[in-house]
Amino acid sequence: MIAAIPEFGIALPEIVFAGLALVLLMIGTFGKERSMGLVTALSAASCLVAILLVLLMDTATATSFEGLFIVDKFAGYMKVLVLLGSGLSIVMSAGYLQREKLQRPEFPVLILLATVGMMLMISANDIISLYVGLELQSLALYVLASFHRDTIRSAEAGLKYFVLGALASGVLLYGATLVYGFTGTTSFEKLAALHPAEGVQTVGLWVGMALVASGLIFKVSAVPFHMWTPDVYEGAPTPVTAMFAVAPKIAAVALLVRLLMGAFAPLVHQWQVAILAISIMSMAWGGYAAIVQRNIKRLMAYSSIANVGYILLGLAAGTERGVESVLVYLAIYLFMTAGAFAVILTMRRDGQMVEYLSDLAGLSHSRPLLALAMTVFMFSLGGIPPLAGFIGKLYVFQAALEAGNHAATAGMANAFYIAAGLGATISVVSMFYYLWIIKIIYMDPPAAPLDRPAGAGLSGVVLVTTLFTLLFSLTFVVGPVVGWADAAAQSLTH
Amino acid sequence: MIETIAFYIFSAVLVASAIMVVFSSNAVHSVLFLILAFFNAAGLFILLGAEFVAMILVIVYVGAVAVLFLFVVMMLDINFSELRKGINTYMPFGIFLGIVLFIELVFLVFQGWVAPPSGGPALAAPAPMLTEISNTRALGQLIYTHYLYVFQVAGLILLVAMIGAIVLTLRHRPGVQRQRISVQINRKRSESMVIRQVSSGAGAPKL
């Protein structure tokens, strides 16, 4: 028996991207530090090439490799976001690595390999391919977190992330064995086709699903699996933190959406409540714990926890509208978070990185444009109309309210209404610390000015992300994004 | 008949050598008994018709893991009698764990693992009949054909692990003498030797 050769074509972006990463690894290995500039530039270019390939690919739903790998509009949308996030963090990292004497070409190569893992996660159509994609991504990220190995904090961040990440992987694998043991299959399609009424031992399947989802919720750092986030974000080198806050979260959310809306769609009433609870806890804890933070990287960590809470609220709706709101929110989150981190990366004084909120004092005098950009990001993260962040929250709340209107039971409907109301309240509370930063920038007595120049890459990222955040609500920006997100959500739920 | 005899021989030697692994006072003997246990387990696998697993057991566990154990035991200076001192304090707990595991095993065997009702067609990879295909071939088809994609990604994961280990641990120390073979064999006598005339009784001239 000779099996047919699998259809490699639909994985073309991943294959080309992984190949480019290997070529760049060779260039970096032989060129050592001299090749750093070349490898960084080519890595960013590889991200662009992969984005083009994803965009040019046929977007009809197709599977390959015996059903382990799937391509659809949802995967295309998510891959573009992830590649954008990784590309931006490579561009942002160049200046930092040069100043910190960390010029080792493995850095961009590891980001590329992690991105390959994320793309595989997004296209996973089986629990086994889910796991290998997740591990490829995580392993590269553990190394990146401790890349600044001579500082204790970076080593600590890497170790903490590794140990807790390994624990999460273990939980996920245990859940996977339960799912396989009780259903006999790991394929998302076959799991979705199982009907609970057909005598499947449902309790075992529920526990398995909960454990697999817990492993993924750890990766998106939602409460109650968020403890690692502030420490890892604070300790990791700042460009790595910028990367952590964006690309891996998008990939893990994509996986969670595909898993819950696809494989476990028949169990929607079981997971809906749990995701709703996790969403409320994340919004609340992310919003309140950020208030006492004085380190801007820790503050961004809590901010990202809160943002994940809003994203999960859209997922909890369990509808096509809900998925669409998640997709729109992720695109907005990508740009405003990358922009905020680009500003944080310009915070240097006397050649040292500074990361306390008080170091921003007087930014409005020394760097008025940068101060303006940071103001835009903070207002957007807080959800002030008409900036991008407001639109994202609007979509999520709309999806939640709509899910409440169509909920099966009155209790569930009330839960959705309460969650949406709480979300809106918490976003007002979280405005406090975003406004606090703006107050420090504009009103506090100026501290010593930050070093100049910021570097062309960083300035470019700040410019692009500011424009996107400012102009998102204009029809010609928001229209295509929402249209594409809508098509992507449809491809997943039909 | 022969199979039954072989089964009992393999099982008896396996259990006996497993006991000896724990109780022999010399650590090297423990490892050697472990190897004996592996060989007998491989024999049991062959009796079951799983020759591929048997070969893997011998190649990987005896060939690599046990040899690694031997290295560790012989190279590290560990006083095992010192380690055994606390054994009486931990013994009750160990026995308790053993009993729990044993009860679970009994449950598994007598209660019976119920195959998932949706099994059969939904099974990811149902075991083929031994009469149709040898199990080495069946495993090969599963790993390298059916799960080709996962196999390749596993390769990438190992590559990342390798890069990571090097990135995090490799340090270039200055002043380390390295072999540069071409430089060494291209050395000329004129570069490395000076011939001086030494007159007798005057001692070595100053360089």
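So, how was this worked out
- Residues numbered from 1 in each chain as written.
- Chains lettered and ligands numbered in written order.
- Predicted model: local features only at pLDDT ≥ 70, side-chain atom pairs only at ≥ 80, totals over all residues.
- Helix = DSSP H or I, 4+ residues; strand = E, 2+ residues; numbered from the N terminus.
- Rg over C-alpha atoms; globule rule 2.2 N^0.38 Å.
- Buried ≥ 20, exposed ≤ 12 C-beta atoms within 10 Å, placed from the backbone.
- Contact = placed C-beta atoms within 7 Å.
- Axes fitted to C-alpha atoms, helices over the stretch in contact; angles between N-to-C directions.
- Parallel < 35°, antiparallel > 145°, perpendicular 65-115°, else oblique.
- Left-handed = near helix turned anticlockwise from the far one by under 90°.
- Nonpolar A, V, L, I, M, F, W, Y, C, P; charged D, E, K, R; others polar.
- Expected span 1.5 Å × (residues − 1).
- Bend = angle between axes of the 7 residues up to and from the residue.
- pLDDT = per-residue confidence, 0-100.
- Core = buried A, V, L, I, M, F, W, Y, C linked by C-beta atoms within 7 Å.

1. Remarks on the overall build of chain A
For chain A, the helix and strand inventory stands at 19 helices and four strands. In terms of overall size, chain A behaves like a compact globule, its C-alpha atoms giving a radius of gyration of 22 Å where 494 residues would be expected to give roughly 23 Å. Along the first, second and third principal axes, the C-alpha atoms of chain A reach 70 × 55 × 45 Å. In chain A, which comprises 494 residues, the share counted as buried stands at 59%.

2. Concerning the overall build of chain B
When you go through chain B residue by residue, the secondary structure sums to nine helices and zero strands. Relative to its full complement of 207 residues, chain B shows a buried share of 11%. Long-range contacts, defined as pairs at least 24 residues apart, comprise 47% of the intrachain contacts of chain B with a sequence gap of at least 6.

3. Here's the deal with the packing of helix H4 (residues 106–122) of chain A against helix H7 (residues 148–169) of chain B
For any two helices packed against each other, one specifies the inter-axial angle together with the distance between the axes. Viewed as axis vectors pointing N to C, H4(A) and H7(B) meet at an angle of 155°, and their least axial separation amounts to 11 Å. As summarised for this structure, H4(A) and H7(B) are arranged roughly antiparallel, according to the angle between their axes. Between H4(A) and H7(B) lies a crossing whose hand is left-handed. For the pair H4(A) and H7(B), the contacting residues are A:Glu106, A:Leu110, A:Leu113, A:Val116 and A:Leu120 in the first and B:Val153, B:Leu156, B:Val160, B:Ile163 and B:Val167 in the second. Across the contact of H4(A) with H7(B), the residue classes break down as nine nonpolar, no polar and one charged.

4. Digging into the interface of chain A and chain B
Across the contact, 35 residues belong to chain A and 22 residues belong to chain B. Only H4, helix H5 (127–145) and helix H6 (152–183) of chain A provide two or more residues apiece to the side of chain A that touches chain B. A per-class count over the side of chain A that touches chain B returns 19 nonpolar, nine polar and seven charged.

5. Considering unusual backbone geometry
All names here are of chain A. With an omega dihedral of 5°, the bond running from Val223 to Pro224 counts as a cis peptide bond. Among the secondary structure elements, Pro224 is positioned in the loop between helix H8 (202–219) and helix H9 (228–235). A positive phi is found at Phe65, a non-glycine position, where the angle reads about 50°. By secondary structure assignment, the location of Phe65 is in the loop between strand E1 (62–64) and strand E2 (69–71). Its 22 C-beta neighbours within 10 Å are what place Phe65 among the buried residues. Its identity is not glycine, yet Glu66 carries a phi of approximately 55°, on the positive side.

6. A few points about the packing of H4(A) against H5(A)
Residue and element names in this part refer to chain A. Orientation of H4 relative to H5, taken along the N-to-C sense of each, is 155°, at an axis distance of 8 Å. Classified by the interaxial angle, the pair formed by H4 and H5 is roughly antiparallel. For the crossing formed where H4 meets H5, the hand is left-handed. Contact with H4, carried on its side by Leu110, Ile111, Leu113, Ala114, Val116, Gly117, Met118, Leu120 and Met121, involves Ser129, Leu130, Gly133, Leu134, Leu136, Gln137, Ala140, Leu141, Val143 and Leu144 of H5 and no other residues of that element.

7. Observations regarding H4(A)
The periodicity of an α-helix, 3.6 residues per turn, causes residues three or four places apart in sequence to face the same way. The terminal C-alpha atoms of H4(A) lie 24 Å apart, and with 17 residues this matches the ideal 24 Å at 1.5 Å per residue to within 8%. Across the 17 residues of H4(A), 17 count as buried, placing the element largely inside the fold.

8. Here we look at the environment of A:Gly287
Residues and elements named next belong to chain A. Here Gly287 is to be found in helix H11 (residues 268–289). In sequence terms Gly287 and Gly479 are 192 residues apart; their C-alpha atoms lie 30 Å from each other. Each residue touching Gly287, except ones within four places of it in the same chain, is listed here: Ala306, Ile426, Val429 and Ser430.

9. So, helix H10 (residues 238–263) of chain A
Residue and element names in this part refer to chain A. With 26 residues, H10 should cover 38 Å at 1.5 Å per step; its first-to-last C-alpha distance of 36 Å lies within 8% of that length. Along H10, the largest kink reaches about 35° and is centred on Phe244; proline Pro248 follows within four residues of it. A large share of H10 lies buried, amounting to 25 of its 26 residues.

10. Thoughts on the confidence of the model for chain B
All names here are of chain B. On average, residues of chain B score 84 in pLDDT, and 88% of them are at 70 or above. Per-element mean pLDDT across chain B ranges from 70 in helix H4 (residues 80–83) up to 94 in H7. Here the prediction assigns the complex a pTM of 0.87, and the interface score ipTM is 0.91.

11. Examining the environment of B:His146
With respect to the helices, strands and loops of the structure, B:His146 is situated in helix H6 (residues 135–146). Among the residues examined, B:His146 registers 19 C-beta atoms within 10 Å and is labelled partly exposed.

12. A word on the nonpolar core
Core analysis: the biggest nonpolar cluster contains 202 residues, and A:Leu113, A:Leu136, A:Ile250, A:Leu255, A:Leu256 and A:Leu330 have the highest contact counts within it. Beyond its immediate stretch of four places on either side in the chain, A:Leu330 contacts A:Leu81, A:Ile250, A:Val253 and A:Ile311. Listed in part, the eight residues of the second largest apolar core include B:Leu34, B:Ala41, B:Ala42 and B:Leu57.

13. A closer look at the environment of A:Ser491
All names here are of chain A. For Ser491, the location among the structural elements is in helix H19 (residues 475–493). For Ser491, a count of 19 C-beta atoms within 10 Å gives the class partly exposed. Taking the C-alpha atoms as reference points, Ser491 and Tyr417, separated by 74 residues in sequence, lie 28 Å from one another. Ignoring anything within four residues of it in the chain, the contact list for Ser491 reads Thr61, Asp72, Lys73 and Phe74.

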